[in-house]
Amino acid sequence: MLTSTGRRVRAAAAAAVLLLLVWGTFWGEDDHWPFGPFRMYSVRNELDGEVRSLELEGVDAAGRRFDVRTELVGLRRADIEGQLGKLERPPDAVAALLARAYGRLHPDEPPLVELRLYERIFQMRDGRAVSEDEETITTWRRP
Amino acid sequence: MATPVSVAARASAWLFRPVAAGRVAWLRTFLYLFVVADLFVLRPWVADNGAIPPDLYQPLFVGRALPFPTPTELVVAVVRYALAASALVAASGRLVRSAGVVVFVLYFQWMLVAFSYGKVDHDRVAFLVALAVLPTVGRARWGDRTPTEAAGWAVRCVQVAVVATYFLSAFAKFRYGGVDWATGATLMRAVLRRGTWLAEPLEDLPAVLGAAQWGLLAFELATPLMLTGGRVARAFLVTALAFHVVTYAAIEILFWPHVMCLLAFAPLERIPVPAWLDRVAPARASPAST
């Protein structure tokens, strides 16, 4: 069995981590991970509000127009939305960087000549989507 | 009458209630093998983060405070393969202290990379706690029914971390969404953004999603009952599993590392050890070597 020192150290460590997690829930932010708040799905969306979803559309040097899954540029959709939203990076710069990332990750594919960042917008009424629209954020074109 | 001393004594007895060492042995095998699966199958895109221009890298507080290197393709590749190698060693039950510590540090670094490009995930805390406590137990063999306090504490820590993830997320909802979070359209937003064909009917049933929101909140606030053991705990475990399965079917999100940690509630020491596995296991520990 454990020595009394062993128990004290373990109990203290467990208490410290738990206290940090509680602190994070009420006063921390994502930046304090792993002691940030467990804020998955915590934001309340208005029943008559908008739901936006970021999408990418690309055109490659071979003329093919295709939906660019965000994994193809090495990120998740939530990452890119975070770059534009929380991190407030300029959309033109982000689009250019994503195009560059695509080139690095797919050196054997025709390079992108155009990358459009756009949002699908669902308008909700009483918690149900009543219309769907699209809005371009920015379009990068290869110089 | 509950004196501070007796409360502390009861808490200590609960925290260190001995658990069979074999549970830790299986937990290690499952969780360390999961690390390898996470690296190459479940979230291989983290490796792509190294190819992203560093202008998009935004390190978290820990990444700024400690000397973690900016992810380049080389850094990411080195971390990835070192992590896989040490996880495989630890999964076999060998060098559990040193390999286990290496896995914890490198997995922490791996997650810092993944979360430094705009999105932090919230399904990893229990898993990180598990990676931190598993090396403290010393050698443990599959099928070993000997209860030890070291194993008990480690398993209890993982259980508390799992419960904290559910319980504290309810308060995050109150903090970011308000006390009326359950009356909003959060689940509808999730279904619209990434719903599967199974979830399509739900797009016309906001009342069902609203009820689900209330149910989720009630479940999260009641999860400390999982720590009481017995039938109540088992019922919660089943409910938790059902919740995760339904979530995956509806929006294709599975909180994998968190779900793996639910194994800490299961009597893994009862898993029969096939003969070939017994031969592969490291030599029985002598009392002095743990």
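What counts and what doesn't
Position labels on residues start from 1 in each chain and follow its written sequence. Whichever chain is written first is A, and whichever ligand is written first is 1; the rest continue in order. Reporting of local features is limited, given that this is a predicted model, to residues whose pLDDT is at least 70; pairs of side-chain atoms are given and counted only at 80 or more, and all residues count toward the totals for whole chains, interfaces and linings. Only hydrogens and water are set aside when side-chain values are computed; all heavy atoms of the structure are taken into account. Helix and strand definitions here come from DSSP, where helices need a minimum of 4 consecutive H or I residues and strands a minimum of 2 consecutive E residues; each element is numbered from the N-terminal end. The globule rule used here is 2.2 Å times the number of residues to the 0.38 power, and the radius of gyration it is set against is calculated over C-alpha atoms. Here the term buried applies to any residue with accessible area under 20% of the maximum for its type, exposed to any over 50%, and partly exposed to those in between, with areas from a 1.4 Å probe on protein chains only. Any two residues whose heavy atoms approach within 4.5 Å at even a single point are treated as in contact. In this charge count, Lys and Arg are treated as positive and Asp and Glu as negative; neither His nor the chain ends contribute. Charge positions come from single atoms, namely NZ of Lys, CZ of Arg, CG of Asp or CD of Glu. Salt bridges are defined as contacts in which a side-chain nitrogen from Lys or Arg sits within 4 Å of a carboxyl oxygen from Asp or Glu. Should DSSP find at least two bridges between two strands, the strands are regarded as paired. Each residue after the first adds 1.5 Å to the expected span of a helix. We call a set of buried residues a nonpolar core when its members are Ala, Val, Leu, Ile, Met, Phe, Trp, Tyr or Cys and they connect through side-chain atoms within 4.5 Å of each other. Buried area is a sum: the accessible area each of two parts loses on coming together, probed at 1.4 Å, counted once for each and added. Axes here refer to lines fitted to C-alpha atoms; in helices the fit is confined to the stretch in contact. Angles between the N-to-C directions go from 0 to 180 degrees. Each residue carries a pLDDT value, the predictor's own confidence for that position, ranging from 0 to 100.

**What to know about the overall build of chain A**
So, step 1. Along the backbone of chain A there are 3 helices and 4 strands.
So, step 2. Going residue by residue from the N terminus, the α and β elements of chain A occur as α-β-β-α-α-β-β.
So, step 3. A globule of 143 residues ought to have a C-alpha radius of gyration of about 15 Å, yet chain A, at 22 Å, is considerably larger.
So, step 4. A burial count over chain A gives 43% of its 143 residues as buried.
So, step 5. Put simply, 53% of the contacts in chain A that link residues at least 6 apart link residues at least 24 apart.
So, step 6. The positive charge centre, built from 21 side chains, and the negative charge centre, built from 24, are 8 Å apart in chain A.

**Examining the pattern of salt bridges**
So, step 1. For the structure shown, the criterion picks out 28 salt bridges over all chains.
So, step 2. Within this structure, E57, R65, E114, R116, E134 and R141 of chain A form a network of salt bridges that share partners.

**Regarding the pairing of strand 4 (residues 128-141) of chain A**
Residues and elements named next belong to chain A.
So, step 1. The pairing of strand 3 (residues 112-125) with strand 4 spans 12 bridges and is antiparallel. Each bridged residue has a counterpart across the sheet, and for M124 the counterpart in strand 4 is A129.
So, step 2. Joining the antiparallel neighbours strand 3 and strand 4 is a turn of 2 residues, in which D126 adopts a positive phi near 55 degrees.

**Comments concerning helix 10 (residues 206-222) of chain B**
One full turn of an α-helix is made of 3.6 residues, so residues set three or four places apart face in the same direction.
So, step 1. Its 17 residues place the ends of helix 10 of chain B 25 Å apart at the C-alpha level, agreeing with the 24 Å of an ideal helix rising 1.5 Å per residue.
So, step 2. Every buried residue belonging to helix 10 of chain B is among P206, L209, G210, Q213, L216, L217, F219 and E220 of chain B, and all of these are buried.
So, step 3. The secondary structure elements touched by the buried residues of helix 10 of chain B are strand 4 of chain A together with helix 8 (149-177), helix 9 (186-194) and helix 11 (230-251) of chain B.

**Focus: the nonpolar core**
So, step 1. Ranked by internal contacts, the top residues of the largest apolar core, which has 108 residues, are W33, L98 and L115 of chain A together with V35, Y107, W110 and L262 of chain B.
So, step 2. With 14 residues, helix 8 of chain B is the largest single contributor of residues to this core.
So, step 3. For L115 of chain A, the contacting residues outside a window of four places in its chain are L56, E57, G58, V68, A95, L98, A99, T138, T139 and W140 of chain A.
So, step 4. Within the second largest apolar cluster, 15 residues are counted, among which are F122 of chain A together with A190, L192 and F255 of chain B.

**Quick look at the interface of chain B and chain A**
So, step 1. In this assembly, 70 residues from chain B lie in contact with 61 residues from chain A.
So, step 2. The junction of chain B with chain A conceals about 6000 Å² of combined surface from both sides, 63% of it contributed by carbon and sulfur atoms.
So, step 3. Per-residue buried area on chain B facing chain A is highest for H122, Y176 and R193 of chain B; these three make up 12% of the total on that side.
So, step 4. At the junction of chain B and chain A, the tally comes to 6 salt bridges.

**Details of the sheet that holds strand 4 of chain A**
All names here are of chain A.
So, step 1. Read from one edge to the other, the open sheet built from 4 strands follows the order 2-1-3-4, with strand pairing classed as antiparallel. Bordering the open sheet on either side are strand 2 (65-67) and strand 4, each of which pairs with just one other strand. Taken over all neighbouring pairs, the strand axes of this sheet differ in orientation by 25 degrees on average, direction set aside.

**Brief notes about unusual backbone geometry**
All names here are of chain A.
So, step 1. The linkage connecting W33 with the following residue, P34, adopts the cis geometry, with an omega of 5 degrees.
So, step 2. Residue placement: P34 occurs in the loop between helix 1 (4-27) and strand 1 (50-60).
So, step 3. With a phi angle near 55 degrees, D126 is a residue other than glycine that sits in the positive phi range.
So, step 4. Topologically, D126 is positioned in the loop between strand 3 and strand 4.

**Considering the confidence of the model for chain B**
Residue and element names in this part refer to chain B.
So, step 1. Averaged over all residues, the pLDDT of chain B is 91; the fraction at 70 or higher stands at 97%.
So, step 2. Per-residue pLDDT, averaged within each element of chain B, yields its smallest value for helix 13 (residues 275-280) (80) and its largest for helix 7 (residues 125-133) (97).
So, step 3. Predicted confidence is poor over residues 286-290, with pLDDT under 50, and the contacts of this stretch with residues over four places away or in other chains come to 3 contacts.
So, step 4. The ipTM value of the predicted complex is 0.90, and its pTM value is 0.90.

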